[in-house]
Amino acid sequence: AALAAAAAAGDIRSPPPNLFTLAVGLLKQVPRVLAELACGVRDFSPEPATVLDAVRDHYAVPHSLLISFEVDPLDGTDAFEGALRARHRRSSCPPIDFDHVQLRGVHTTPLDTEWVDAALLRLVARAAPAPVRPIISGAATRA
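Conventions we followed
Residues numbered from 1 in each chain as written. Predicted model: local features only at pLDDT ≥ 70, side-chain atom pairs only at ≥ 80, totals over all residues. Heavy atoms only, no water. Patch = residues over 30% accessible without salt bridge, like charges linked within 9 Å, V, L, I, M, F, W, Y side chains within 5 Å. Areas by Shrake-Rupley, 256 points an atom, 1.4 Å probe, with all protein chains shown as cover. Salt bridge = Lys/Arg side-chain N within 4 Å of Asp/Glu carboxyl O. Helix = DSSP H or I, 4+ residues; strand = E, 2+ residues; numbered from the N terminus. Buried < 20%, exposed > 50% of the residue type's maximum accessible area, 1.4 Å probe, protein only. Expected span 1.5 Å × (residues − 1).

Undergrad: When you look at a nonpolar patch on the surface in this model, what are you seeing that I'm missing?
TA: Taken together, the side chains of L27, V30, V33, L34 and L37 define a hydrophobic patch exposed on the protein surface, amounting to about 420 Å² of accessible area. Considering the arrangement of structural elements, one finds L37 in helix α2 (residues 19-38). Residue classification places L37 among the partly exposed positions, given a relative accessible area of 39%.

Undergrad: Where do I start with helix α4 (residues 77-89) in this structure?
TA: In an α-helix, one turn spans 3.6 residues; hence positions three or four apart end up facing the same way. Compared with an ideal rise of 1.5 Å per residue, which puts 13 residues at 18 Å, α4 spans 18 Å between its outermost C-alpha atoms and is within 8% of the ideal. Considered for burial, the residues of α4 that qualify are T77, E81, A83, L84, A86 and R87.

Undergrad: Can you help me understand the pattern of salt bridges in this one?
TA: Once the charged atoms of two side chains with opposite charge are near each other, the side chains can pair. This model, assessed by the stated rule, comprises three salt bridges. D53 is the salt-bridge partner of R56, the closest N and O atoms lying 2.6 Å from each other. Linking R56 with D53, this pair stays in helix α3 (residues 48-58), spanning three residues, or about one helical turn. According to the relative accessible area criterion, R56 is partly exposed, its value standing at 27%. Its salt-bridge partner being E81, residue R85 comes within 2.8 Å of it at the nearest N-O pair. Note that R85 and E81 are positioned in helix α4 at a spacing of four residues, about one turn of the helix. Residue R85 is classed as partly exposed on the basis of its relative accessible area of 43%. Classification of E81 as buried rests on a relative accessible area of 14%.

Here it is, written out as C-alpha cells:
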C-alpha cells in the first residue's frame, strides 16, 4: 500500500520510453514471433485463463508487486489482482499481500533497458525489506 501511495504521489518516476530502444527490442522479437506463427501459435501459452486458475488455486507468495502501465491494451493486471483477492479470501490459504503500481509507459516499456535499470530498481528499493533497501537504493542511484 505504501508503494502504491508513493507512485500516486509521484515519488516514483519512470523516464519516458526511449523510442529507439523500444523499436530495437520489438524488432529483435520479430523472427521468433514469425516462426511461432508459422507453426500455428495464435495465443499466449499458457492461456491467461489457465494462469489465473493457477493463481486462484496455488499462489502462495506472501507479498507481491504488480506493475502495470498507463497505456497497455494487453494488460491483465486487474484480472491477476482479482485472482489474488480470490486466493486471499480462502480461509485455508496463508495471507497474501500485494501492491499495485501503475507507471507511465506502454506495454513495451520494460524492453527499454534504461527504464529497467533506473525506474524498476527504484520500485524494488521501495518494496524491499528495510535492511535491504540501502543496498538496492545504492544500485538505483548508480543506474
